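Below are the chains, spelled out letter by letter.
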Amino acid sequence: MPKILVVDDSSSVRSFVRDALEEAAELRPAEVVEATSGFDALRLLPRDQYDLVITDINMPDINGLELLAFIRASERHRAVPVLIISTQSSERDRERGLSLGANAFLAKPLDPHSLREGAARLLHSQRA
Amino acid sequence: MDGIDGAREEFYSEAQELIDTLSRNLLALDAAQKAGLPDPTLINEAFRAVHTLKGLAGLFGSTGTSRLAHATEDLLDELRLGRRELRAELLDPLFRSVDVFTQILLRDKQGLDEPPPTLEPLLSALRGLEQGEVAEQGALEQYALDPGVLAVLTEYEEHRLRASILAGLALYKLRVCFDLTSIDRALDELKERAKPYGEIITYLPTGESPSVDTIELDVLFASAADLSTLVGALGTDRVVVEPIARSRPREGLAPSVLPPAALAPSAPAVPQAGDAAPEVGLERSLKAVSQTVRVDIRKLDHLMNIVGELSLVRSALQRWGERLRAEGHRALVTELQRLGRTFDRRLLELQDGILEVRMVPLGQVFDRLARVLRQVSRELGKDIRLVITGAETELDKLIVEELSDPLMHMIRNAIDHGIEGAEQRRAVGKPAAGTIALNAFQKGNHVMIEIEDDGGGIDAAALVARAVRMGVLDATEASQMSHREALELVFTPGLSTKLEASDVSGRGVGMDVVKTNIARLGGVIDLESEPGIGTKLAITLPTTLAIVSALMVEVAGQIYAVPLAVVSEALAFDGQETRRLEGREVMSLRGASLTLCQLAVHLRLAVAEPAPERRFVVVSGFGARRMGLVVDRLIGQQDIVVKPLGHSLAAVRGFSGATDLGDQRVALVLDVGALIEEVFVLGDAAHDAWRLHG
């Protein structure tokens, strides 16, 4: 069962993502772990191996870009695919995310379908 | 409640929280602004709330919320980035947005696609504001910042960094190392300590942590303080303060004027190392580290129902114990009783625990009132000060929610009808600004909320005259009325002291509705008013609704529950010692007369057999409003879970709910407030009924 870390400071967004992913057949189904902030993610990452990280960009304290940079710099997690979700339509943040090594970018508003599709694609590419 | 629907429920609750956060920060901003101490973090907090709301709205397809969030976010963005100066007229549409957001959400919840009529005017007002100035560019190259650092800054963080540099602040790197287990607390402590000295721009994990249980971060910090001050204030074995070097001198300042130890002049407002940390800050940091969970109130209701059912199981076990005792198993019964007592204690703790979880501070609703007051007083051009005490007083969540509308009405009335215009106030020697005090406090098992204004008071004579004109009273009744009784007329539907309706509170709208709503919550409302001095409304409420200690009584073969909170005593009653007074049946109780309510008659119960010789009077009510309920039998005291009657029976007066007796029977819970109302106010009708049946 793939293990997915969802990082967002909004509980509604986390629930939305969890609901969309947990029951998805193409994810066979997935186990979703929620982190309520960038710091929370930093706390969870050393304890476990994840198959996919889905993160918001605009979060207080540690933002999604910083989390991404941390993941890419870490021995253990550098290969984990990272999917970035943000309300930020800013081209600038998107470019920064991609240049820091984000694997995919989804802009809000999200729909469960494209979220599932994006997640399944990244999980598949990692296995392949 | 699962799947996407569950997420949708969560959306509403989170959206409401975000709107509350926005409102709270706007109020604080307004107050800070008036005090001449603008705080950029308040704007940023308000921005963050709207920003998150916008994201959520997009996710859940709430178009109205999205559009409004977009417009308010733009304005707040310009404010937080300093592209606009904060002025009262910019705050106005923001305050209005709080109400419109709530209206949109309510409509969404009801499945209405149509946005409220208030949305478009507000959107065009927001669009009508002129554009702010374009933000300044550059500045970042003044510091030798690691490109790796610049690459991970969000747009806002980059703006803050630029603004700090342009404001002449120096940049520092705080290298901190925290245990992962206690990182939230450590971080909050650092934030509180750093706050008086400057602004944290961002936190960057270094990826070089010495162990898996710790994390090392570089905190980018902008400050007007010099290095030694910061080292003294923030430095510990876990926090190392380093200056970030300038790549070139600050424009406009010759390098020679910079003191060698400092990269920026220290501003006079910055506290020096060794200054005691402000106590308020400490308290806030403790609050910030508390862990909270948001729970649907229905889940708590469910738990409470289970507690109620467990009490029923407990009673059944007790009956079995009695049977065992009767059959001679004494040793078993003793053990059973011992276990039973432990069970009772634990059950009580569980019940208290759940009730405590349901409690929320009244401050939640007071914030909303402060917003209404600000808006209405501005609309009417009245200068009014709001003084709040006891915002931390806690009440059941359900009660707090239900209180919002009645309190709103009372505040509007106080502003509109209570507080006089500035000139009129000066003429009678009062300060030009009016004061409305909102006080909450615990009193025994109850919570009191007082709304007090220093306005003109209620013109009792005008009320009486109007009541006579409307045919509510005849001239004789009017002439015999006490001042107090005359004031009570305020709660009569359709009566008002102001002849002209206003936009704000209408024609005394709602005071009867207010009273009904308060009564529905098991509360009472009292009114005091002195001409020229002011008006005080006092609401007495039970602290919780869910579980009630009740006196179970039997009338004409039916069982009813009387909430114990309203019962002062119960007496034996022979039916002999009553007399009639003003159409009501009364008895003497320690020298005073007590109005009686024959429940069997009042509830029009079919009486199969004559009432027993010896009956009981349950003395119930609040304060001066007391009444004796005449019942056939007292069954005993019991904790009951009160369940609402449901829509079809909601209009039935005299009952506040029903409770399961556990033997497949249901008892109705008497609404003593409503009964008193009927017996006193509708005395004549009850009197007729009494004659018919008696």
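Residues numbered from 1 in each chain as written. Chains lettered and ligands numbered in written order. Predicted model: local features only at pLDDT ≥ 70, side-chain atom pairs only at ≥ 80, totals over all residues. Heavy atoms only, no water.

Colleague: Just checking my understanding: could you explain the overall build of chain B for this structure?
Modeller: Across its full length, chain B carries 22 helices and 22 strands. Counting across all 694 residues of chain B, residues that qualify as buried make up 46%. Counting every atom, chain B has about 35,100 Å² of accessible surface; 53% of that belongs to carbon and sulfur. (Helix = DSSP H or I, 4+ residues; strand = E, 2+ residues; numbered from the N terminus. Buried < 20%, exposed > 50% of the residue type's maximum accessible area, 1.4 Å probe, protein only. Areas by Shrake-Rupley, 256 points an atom, 1.4 Å probe, with all protein chains shown as cover.)

Colleague: Any chance you could explain the pattern of salt bridges here in plain terms?
Modeller: Where charged atoms from two side chains of opposite charge approach closely, those side chains can pair. Under the counting rule described, the total for this entry stands at 37 salt bridges over all chains. Two residues, Arg96 of chain A and Glu158 of chain B, come together in a salt bridge whose shortest N-O distance is 3.1 Å. Here Glu158 of chain B lies in helix H7 (residues 155–166) and Arg96 of chain A lies in helix H4 (residues 91–99), a pairing that spans two chains. Across the pair Glu327 of chain B and Arg323 of chain B runs a salt bridge whose closest N-O atoms are separated by 3.8 Å. For Glu327 of chain B, a relative accessible area of 52% puts it in the exposed group. Its relative accessible area of 47% is what places Arg323 of chain B among the partly exposed residues. Linked through salt bridges whose partners overlap, the residues forming this network are Arg14, Arg18, Glu22 and Glu34 of chain A. (Salt bridge = Lys/Arg side-chain N within 4 Å of Asp/Glu carboxyl O.)

Colleague: Looking at this model, I keep getting lost on the packing of aromatic side chains. Mind explaining?
Modeller: Two measures describe an aromatic ring pair: the distance that separates the ring centres and the angle between the ring planes. Tallied over the entire structure, the rule returns three aromatic pairs over all chains. Ring plane angle 75° and centroid distance 5.6 Å describe the contact between Phe39 of chain A and Tyr203 of chain B, whose orientation is recorded as edge-to-face. Of this pair, Phe39 of chain A sits in helix H2 (residues 38–44) while Tyr203 of chain B sits in strand E2 (residues 198–205), placing the two residues on different chains. The residues Phe39 of chain A and Tyr203 of chain B share a single accessibility class, namely buried. Look at Tyr560 of chain B and Phe655 of chain B: their rings are 6.2 Å apart centre to centre, the planes differ by 15°, and that puts the pair in the stacked class. One end of the pair, Tyr560 of chain B, is in strand E13 (residues 558–563); the other, Phe655 of chain B, is in strand E21 (residues 655–660), with 95 residues separating them in the sequence. A relative accessible area of 16% means that Phe655 of chain B is categorised as buried. Just above the ring of Phe47 of chain B sits the side chain of Arg80 of chain B; from NZ or CZ to the centre is 3.5 Å. It is Lys515 of chain B that lies over the ring of Phe491 of chain B; its NZ or CZ is 4.7 Å from the centre. (Phe/Tyr/Trp six-rings, centres within 6.5 Å; stacked < 30°, edge-to-face > 60°. Lys NZ or Arg CZ within 6 Å of the ring centre and 35° of its normal.)

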